[in-house]
Amino acid sequence: MDLVFFGIQGSGKGTQAKTLAAEFGYYIFEAGGELRKIKASGSDLGETVKKYIDNGELVPFEIIMEVVNEAVASIPADQKILFDGIPRDEDQMRGFDQILTNAGREFRCVHILLDKDEAIERIKGRAEIEGRADDADQDKVLRRMDLFVEKTMPVIEAYVSAGKVIEIDGKGSVEEIYERIKDAVS
Ligand code: ADP
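Computed from a predicted model, the values in this text were never measured in an experiment.

*Asks:* So what about helix H8 (residues 138–161)? Which residues, and what values?
*Replies:* With 24 residues, H8 extends 33 Å from end C-alpha to end C-alpha; this agrees with the ideal 34 Å at 1.5 Å per step. The largest bend in H8 amounts to roughly 45° and is located at Thr152, with the proline Pro154 lying one to four residues further along. Every buried residue of H8 is listed here: Val141, Arg144, Met145, Leu147, Phe148, Thr152, Val155, Ile156 and Tyr159. The N-cap of H8, judged by a side-chain oxygen 3.0 Å from the amide nitrogen of Asp139 a few residues on, is Asp137.

Right, here's the structure in full:
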C-alpha cells in the first residue's frame, strides 16, 4: 500500500517522509523537489515553474499532474511509493485518485498536525539551514500556509471521510514524531 503525507509547511512532513521512506523501502515522490528540478533545468517549462514556486503559488494543474503521471508510470507495480506534496487541492485530488486507480495502486494517508503559529516559528529556522528563497520570505511562507488551509485541508477532510487518514500529533522532537508515525503505519 502506498502512503500520502500531509502537513502544513513547517510540520516536519518532508523530513519524516524521507526517514520513513528510507527505513521501509518506499520510493519517495516529492512534488516540490521534482518541480525544483524542472525549475533548475533552465528550459521554458522551468521558467514557467519558477514563477509559481518563487511566488509561493501552486504550479498549474497540467504541469504537476504530468510529472506525477510520468513518475507513477515509471515505477514498478510492486514498488511502494510515498507521495509528499501531492494532492494539494481538490482538482489534483481527482487527478491523483484517477492516476493511482488506473495503475492499480492503493494508498492511505498520514497527516502531521501542527498549529500555524508553531509552524511559522519552525520555518524561520529551516530557511537558514536549507537556503530556500521561498522559505526566507515570510509573506511567501504565509501565502503557502494559507493555500494549505484553504486548498489542501478540504482534500484531507475528504480522505478522512473515506477513512484513509492516520492523524499524527506534530508537536515534539523529530524523533518523537517519527516514533508516532512508525507505530501508526507499521
Ligand atoms: P512546502 O510544502 O513547504 O510549500 P514544497 O517543497 O512541497 O514546500 O513545495 C514548494 C513549491 O512547489 C510550492 O510552493 C509550489 O509552488 C510547488 N508545488 C509543490 N507541490 C505542488 C503541487 N502538488 N501542485 C502545485 N505546485 C506544487
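*Asks:* Describe the packing of helix H2 (residues 31–40) against helix H4 (residues 61–74), naming the residues involved and giving the relevant values.
*Replies:* With their axes 11 Å apart at the nearest point, H2 and H4 run at an angle of 105° to one another. What the angle tells us is that H2 and H4 run roughly perpendicular. For the pair H2 and H4, contact is made by Ala31, Glu34, Leu35 and Ile38 and by Ile63, Ile64 and Val67, respectively.

*Asks:* Lay out the sheet that holds strand S2 (residues 27–30) in plain terms, naming residues and giving numbers.
*Replies:* One open sheet accounts for 5 strands, arranged S2-S3-S1-S4-S5; its pairing is parallel. Both edges of this open sheet fall to S2 and strand S5 (165–169), since each of them pairs with a single strand only. Going across the sheet, the axis of each strand differs from the next one's by a mean of 20°, ignoring polarity. The pairing of strand S1 (residues 2–7) with strand S4 (residues 107–113) spans 6 bridges and is parallel. Its bridge partner lying in S4, Phe6 is registered against His111. H2 rests against S2 and strand S3 (81–84) of the sheet, and its axis sits at about 65° to S2.

*Asks:* An account of the pattern of salt bridges is requested, with residue identities and associated values reported.
*Replies:* Going through the model one piece at a time under the given rule, you end up with 12 salt bridges. With a shortest N-O distance of 3.3 Å, Lys140 and Asp137 are connected by a salt bridge. In this structure Lys140 comes out as partly exposed when scored by relative accessible area, which is 21%. According to the relative accessible area criterion, Asp137 is partly exposed, its value standing at 29%. Within the structure, one salt-bridge network assembled from shared partners comprises Lys39, Lys50 and Asp54.

*Asks:* Outline the site of the ligand, supporting the account with residue identities and numerical values.
*Replies:* Every one of the 18 residues lining the ligand counts as a neighbour, but Glu57, Gly85, Arg88, Gln92 and Arg144 are closest to it. Within the side chain of Gln9, one N or O atom sits 3.1 Å away from an oxygen atom of the ligand. Separating an oxygen atom of the ligand from a side-chain N or O atom of Arg36 is a distance of 2.9 Å. When the ligand is considered free in solution it has 540 Å² of accessible area, and contact with the protein chains removes 97% of it.

*Asks:* Can you lay out the layout of surface pockets for me, pointing to particular residues and giving the numbers?
*Replies:* Estimated volume of the largest pocket: approximately 1000 Å³. Forming the walls of the largest pocket are 44 residues, and the residues nearest its centre are Gln9, Lys13, Arg88, Arg126 and Arg132. Mapped onto the lining of the largest pocket, the elements with two or more residues apiece are S1, helix H1 (13–24), H2, helix H6 (116–130), H8 and helix H9 (174–185). A per-element tally of the lining of the largest pocket places H1 first, with 5 residues. Within the lining of the largest pocket, the residues separate by chemical class into 16 nonpolar, 15 polar and 13 charged.

*Asks:* Quick one: what's the story with the environment of Glu34, residue by residue and with numbers?
*Replies:* Inspection of the secondary structure puts Glu34 in helix H2. Given the relative accessible area of 19%, Glu34 is considered buried. With 30 residues separating them in the primary sequence, Glu34 and Ile64 have C-alpha atoms 9.1 Å apart. Excluding residues within four positions of it along the chain, Glu34 makes contact with Phe29 and Val67.

Reading the values: rules and limits
- Residues numbered from 1 in each chain as written.
- Predicted model: local features only at pLDDT ≥ 70, side-chain atom pairs only at ≥ 80, totals over all residues.
- Heavy atoms only, no water.
- Helix = DSSP H or I, 4+ residues; strand = E, 2+ residues; numbered from the N terminus.
- Expected span 1.5 Å × (residues − 1).
- Bend = angle between axes of the 7 residues up to and from the residue.
- Buried < 20%, exposed > 50% of the residue type's maximum accessible area, 1.4 Å probe, protein only.
- Polar contact = N/O pair within 3.5 Å; in protein donor to acceptor, adjacent residues only side chain to side chain.
- Axes fitted to C-alpha atoms, helices over the stretch in contact; angles between N-to-C directions.
- Parallel < 35°, antiparallel > 145°, perpendicular 65-115°, else oblique.
- Contact = heavy atoms within 4.5 Å.
- Pairing = 2+ DSSP bridges.
- Salt bridge = Lys/Arg side-chain N within 4 Å of Asp/Glu carboxyl O.
- Near = heavy atom within 4 Å.
- Areas by Shrake-Rupley, 256 points an atom, 1.4 Å probe, with all protein chains shown as cover.
- 1 Å grid on protein atoms, 1.4 Å probe; cavity = no way out; pocket = protein on both sides within 12 Å on 5 of 7 lines; lining within 4 Å.
- Points joined across faces, edges and corners; volume = space filled by probe spheres on them.
- Nonpolar A, V, L, I, M, F, W, Y, C, P; charged D, E, K, R; others polar.

Read these as layout, nothing more, since geometry by itself doesn't imply function.
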